[in-house]
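The lines below spell out each chain.
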Amino acid sequence: MSKQWMSLVGALWLQSMAGTNSNFPAYSSQIKKLLSISQIELNNLAFASDAGKLLGWFAGIAANYLPLWLVLLIGSILGLIGYGVQYLFLTNHIHSLSYWHVFSLTFLAGNSICWINTVSYIVSIQNFPLDRQVAVGISTSYISLSAKIVTDIVDVVNVFTPSKRAETYLLMNSVLPLFFAIVVAPVIRDMKIGKSRKLSDGFRVMFVITIATGIYAVITSLKPAISKLLPSLLSLIGMVIFLLLPIVVPLFESMKEHWHRKCWIRRDPRICDLSKLEEDIKTPEEVINCGVKEDNDAGFAVMEEIGPKKMLMKLDFWLYFFVYLFGATLGLVYLNNLGQIADTRGFTETSSLVSLSSSFGFFGRLLPSLFDYLFSRSKYAISRPATIAVTLAPMTGAFFLLLNNSHICLYISTAIIGICTGAITSISVSQTAELFGTKNFGVNHNIVVANIPIGSFIFGDLAAMLYRKQENSLGSCLGIKCFQTTFIIWGCLCLLGTCLAFILHRRTQKFYTHLRGGN
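Since this is a predicted model, take the numbers as computed values, not measurements.

Procedures and definitions
Residues numbered from 1 in each chain as written. Predicted model: local features only at pLDDT ≥ 70, side-chain atom pairs only at ≥ 80, totals over all residues. Heavy atoms only, no water. Disulfide = S-S within 2.5 Å. Helix = DSSP H or I, 4+ residues; strand = E, 2+ residues; numbered from the N terminus. Contact = heavy atoms within 4.5 Å. Buried < 20%, exposed > 50% of the residue type's maximum accessible area, 1.4 Å probe, protein only. Arc of directions from axis to C-beta. Salt bridge = Lys/Arg side-chain N within 4 Å of Asp/Glu carboxyl O. Phe/Tyr/Trp six-rings, centres within 6.5 Å; stacked < 30°, edge-to-face > 60°. Lys, Arg positive; Asp, Glu negative; His and termini not counted. Axes fitted to C-alpha atoms, helices over the stretch in contact; angles between N-to-C directions. Left-handed = near helix turned anticlockwise from the far one by under 90°. Nonpolar A, V, L, I, M, F, W, Y, C, P; charged D, E, K, R; others polar. Core = buried A, V, L, I, M, F, W, Y, C linked by side-chain atoms within 4.5 Å. Patch = residues over 30% accessible without salt bridge, like charges linked within 9 Å, V, L, I, M, F, W, Y side chains within 5 Å. Areas by Shrake-Rupley, 256 points an atom, 1.4 Å probe, with all protein chains shown as cover.

### Description of the state of the cysteines
Now for step 1: In total, this model carries zero disulfides according to the counting rule given.
Now for step 2: Note on Cys 494: no disulfide assigned, nearest cysteine sulfur contributed by Cys 420 at a separation of 7.9 Å.

### Observations concerning the side chain of Ser 49
Now for step 1: Within the element layout of this structure, Ser 49 appears in helix α3 (residues 39–51).
Now for step 2: Here Ser 49 is in contact with Asn 21, Thr 106 and Gly 110, once residues within four sequence places are set aside.

### Topic: helix α4 (residues 57–65)
Now for step 1: By the burial criterion, the buried members of α4 are Ala 59, Gly 60, Ala 62 and Ala 63. Each buried residue of α4 sits inside an arc of 165 degrees when the element is viewed along its axis, so together they form one side.

### Some words on the pattern of salt bridges
Two side chains of opposite charge can pair, provided their charged atoms sit close to one another.
Now for step 1: Enumeration according to the criterion identifies four salt bridges in this entry.
Now for step 2: In this structure, Lys 53 engages Asp 50 in a salt bridge whose closest nitrogen and oxygen atoms are separated by 3.7 Å.
Now for step 3: For Asp 50, a relative accessible area of 9% corresponds to the buried category.

### Side note on unusual backbone geometry
Now for step 1: The backbone of Asn 92 shows a phi angle near 65 degrees, a positive value even though the residue is not glycine.
Now for step 2: Along the chain, the position of Asn 92 falls in the loop between α5 (68–90) and α6 (99–127).

### Focus: the packing of aromatic side chains
Now for step 1: Taken as a whole and assessed by the stated rule, the structure comprises 26 aromatic pairs.
Now for step 2: Both rings, one in Tyr 142 and one in Phe 362, keep their centres 6.2 Å apart while their planes meet at 70 degrees; by these two values the pair is edge-to-face. Linking Tyr 142 in the loop between α7 (132–141) and α8 (146–157) with Phe 362 in helix α18 (residues 350–375), this pair joins segments that are 220 residues apart in sequence. An identical accessibility class is assigned to Tyr 142 and Phe 362; each is buried.
Now for step 3: For the ring pair Phe 179 and Phe 180, a centre distance of 5.7 Å and an interplane angle of 85 degrees mean the geometry is edge-to-face.
Now for step 4: Through pairs of rings, three or more aromatic residues link up here, namely Phe 317, Trp 318, Tyr 320, Phe 321, Phe 322, Phe 326 and Phe 436.

### Quick word on the environment of Leu 338
Now for step 1: You can see Leu 338 is positioned in helix α17 (residues 338–344).
Now for step 2: Judged by relative accessible area, Leu 338 falls into the buried class, the value being 2%.
Now for step 3: A sequence separation of 19 residues divides Leu 338 from Ser 357, and the C-alpha atoms of the two residues are 9.4 Å apart.

### A look at the side chain of Arg 365
Now for step 1: Residue placement: Arg 365 occurs in helix α18.
Now for step 2: Of the buried charged residues, Arg 365 lacks a salt bridge, with Asp 50 as the closest side chain of opposite charge at 10 Å.

### Considering the packing of α7 against helix α20 (residues 407–436)
Now for step 1: Running from N to C, α7 and α20 point in directions that differ by 145 degrees, and their axes come no closer than 8 Å. Of the two elements, α7 crosses α20, and the hand of that crossing is right-handed. Each of Arg 132, Gln 133, Val 136, Gly 137 and Thr 140 in α7 lies in contact with α20, whose residues at this interface are Ser 426, Ile 427, Val 429, Ser 430 and Glu 434.
Now for step 2: Class assignment of the residues belonging to the contact of α7 with α20 gives a composition of three nonpolar, five polar and two charged.

### Comments concerning the nonpolar core
Now for step 1: Residues Tyr 27 and Leu 45 are the most contacted members of the largest nonpolar core, which totals 80 residues.
Now for step 2: Once you skip the residues sitting within four places of it in the chain, Tyr 27 turns out to touch Tyr 83, Gln 86, Leu 90, Ala 166, Tyr 169, Leu 170 and Asn 173.
Now for step 3: Phe 321, Ile 424, Cys 482 and Ala 501 belong to the second-largest nonpolar core, a separate cluster that totals 56 residues.

### Details of a nonpolar patch on the surface
Now for step 1: The grouping of Leu 54, Leu 55, Trp 57, Phe 58, Ile 61, Tyr 65, Leu 66, Ile 454, Phe 457 and Ile 458 at the surface amounts to a nonpolar patch, some 890 Å² of accessible area in total.
Now for step 2: Secondary-structure elements contributing two or more residues to the nonpolar patch are α4 and α22 (451–469).
Now for step 3: Take the nonpolar patch: its biggest share by element is four residues, from α4.
Now for step 4: Secondary-structure assignment places Phe 58 in helix α4.
Now for step 5: Looking at Phe 58, the relative accessible area reads 41%, which means it is partly exposed.

All quantities given are derived from atomic positions and should not be read as evidence of function.
This is the structure in structure tokens:
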């Protein structure tokens, strides 16, 4: 069990370095100046990072045939090349890179994140079969801290050379994921757990540490107010301590195992194939058992184990795909355009908005696992598709609230969209495993999240075209009119996603009803 917990700590550390693409605004202006490119071409570079997810399924295939530590190292090396060459370009060690070279390097760097995420997801799902949503939620919440951690390092390294911040961001993006990958490689493995002892105490400690880490990150992000009380170096040391704290759980578990030499084994997990549900229910005994069969390799209940080809032919997949597209992806597009949206409203504190969205995104990713921990075995628990539908409803209202030009509405909407986007991202990992199984999870989930670059391109270009129609002779736009039509369209699409989520809930209701009863 100590190795089981240590693998989660390793996944947590990996996720804390998996959000390197969120640092793009820190050095984008310097890239723009060196390449002499337009704003549209610069936006396409931001899209290139998301487009790397289109080939994320390669990571899933690799995870099926290669050790997880090797998959992790491959992804980290891709990031080293993608960000490292750009770093050499900014520091004039490479004197000539064309726009398309930089585009390709950004694409490669974006793809590297998929490899790291795939390994983290597989470890959380396979090694914690009975608590997968809790494990996934805790580990993925740390991805929102990536920008905070790198910024703290940059603040310390460039305290006397602020003009070199862009180069330092790229250097950290290239070497830190590889460093963490080497550190955690020995503990990253799929342990093929068929039985698991009761993990409530360990997760309770993990929740306390994670929430405390998030609160600390939010407080130390309130600059310059906090900088006088807590210098940059002390802020970084504090963050490192919080990142190390989760290791107390596997250490305590190791000590307990050493002294007790025994485990409290939970009952065997079971699988329910919904496609056979109606055929198998013929007798009262079969009604009670729901026609389930035991499968210790799978580790927990899933509707069916299918590969990517069969998945693409299922209506449930396409419902799920568009729910994600009109939900989490739409939220990410809004957050990517947050700076431009703030500028059109005459809002100058853009950094506070970014900090707000990041902090609420952190807790948004954590909340589903907290609710799963508290209520998953309760009769009041609802299915994951229904949870997504309930999450999308306030997000729809947030887009329409943006039609009000007040700064308060901008703050409220950004907070709502941040927390809802984070929550859907976290829930989707477990939902992919439950709907389509775990044997091909790496490939299946990377196909699902391929909608992110698709949505980034479509929704981002739509917003840009509508913005261009409102531009003045100087090529700029001010006022609510700049994004008014965009917010209406995004709100309607989010409402459509809410309806599709309820349809998916109705189609999978029998499975989730049995799952709650079976727990």
